[in-house]
Amino acid sequence: MSANDPFARLPEAAPFTVTSTDVTDGGAWQPEQLGSGLPGGKDVSPQLSWSGAPEGTRSYAVTVYDPDAPTGSGFWHWAVADIPATVTELPPGAGDDTGSGLPEGAFQLPNDARLARYIGAAPPAGHGPHRYFVVVHALDVASIGVPADATPAVLGFTMAGHTLGRAVLVATAETPA
């Protein structure tokens, strides 16, 4: 596991709180949150709840990112944009193929597998533990203005100037050799 912090070079943002009934900060993903190619893996997005966002928050985005993937650029597992500021929770499975658990107006961007849905953790066998940064971004705009087919990296670039706060939970996964 590397010490790579995906937020080290981004502008500071006020911290707030994100929790999950599916994983604790620093804990391992449940089998349901693993990729479907792993034993017990079901590609089910985690339940998320957040509170304490900064004043002026007009929308949220949620991302799940693995900086430890052996790609040179990490791996984006999930990205959701335009979650209304009145929403402070996503149910488990919100990131299915249809986004059935997402609030009206929110949409999923294609992840690094080019699927507009959540895909579970699936680190290469024997590669060691991977970290999954589950982040709720509090934004100062009601709509971030990226197209639905944009990449999560474009979403992140666009959010940089609109991020008021960031709530971070880090999950882990490892596939034995």
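Refer to the structure presented above.
What you see is a predicted model; the values in this text were computed from it and never measured.

**Student:** Would you explain the side chain of His137 in this entry?
**Tutor:** With respect to the helices and strands, His137 occurs in strand β8 (residues 130-139). Every residue in contact with His137, bar those within four places of it in the chain, is listed here: Phe7, Ser59, Tyr60, Ala61, Val62, Thr63, Met159, Gly165 and Arg166.

**Student:** Looking at this model, I keep getting lost on the sheet that holds strand β7 (residues 107-108). Mind explaining?
**Tutor:** Pairing between sheet strands relies on hydrogen bonds along the backbone, with the strands arranged either parallel or antiparallel. As summarised here, the arrangement of the six strands in space is β1-β9-β8-β4-β5-β7, forming an open sheet in which the pairing is mixed. On the outer flanks of this sheet lie β1 (14-15) and β7, each paired with one strand and no other. Two elements, strand β4 (residues 59-66) and strand β5 (residues 75-84), share seven bridges in a ladder whose sense is antiparallel. Across the sheet, residue Val64 finds its bridge partner in β5, namely Trp78. Of the strands in this sheet, β4, β5, β8 and β9 (163-173) are in contact with helix α1 (residues 152-159), which crosses β5 at around 50°.

**Student:** It is not clear to me how the layout of surface pockets should be interpreted in this structure. Could you clarify?
**Tutor:** In this approach, a probe sized like a water molecule rolls over the atoms, and the result shows the empty space that is left. Of the volumes computed, that of the largest pocket is approximately 450 Å³. What lines the largest pocket is a set of 23 residues, among which Pro6, Phe7, Leu10, Trp76 and Gly156 lie closest to the centre. Of all the elements in the fold, those that place two or more residues in the lining of the largest pocket are β4, β8, α1 and β9.

**Student:** Would you take a moment to explain the sheet that holds strand β3 (residues 48-51) for this structure?
**Tutor:** Judged by pairing direction, the sheet is antiparallel, and its three strands sit side by side in the order β2-β3-β6 without closing on themselves. Edge strands, defined here as strands with exactly one partner in the open sheet, are β2 (17-19) and β6 (89-90). Both β3 and β6 contribute to a ladder of two bridges, which runs antiparallel. Each residue of the ladder has a partner; that of Leu48, found in β6, is Leu90.

Basis of the calculations
- Residues numbered from 1 in each chain as written.
- Predicted model: local features only at pLDDT ≥ 70, side-chain atom pairs only at ≥ 80, totals over all residues.
- Heavy atoms only, no water.
- Helix = DSSP H or I, 4+ residues; strand = E, 2+ residues; numbered from the N terminus.
- Contact = heavy atoms within 4.5 Å.
- Pairing = 2+ DSSP bridges.
- Axes fitted to C-alpha atoms, helices over the stretch in contact; angles between N-to-C directions.
- 1 Å grid on protein atoms, 1.4 Å probe; cavity = no way out; pocket = protein on both sides within 12 Å on 5 of 7 lines; lining within 4 Å.
- Points joined across faces, edges and corners; volume = space filled by probe spheres on them.

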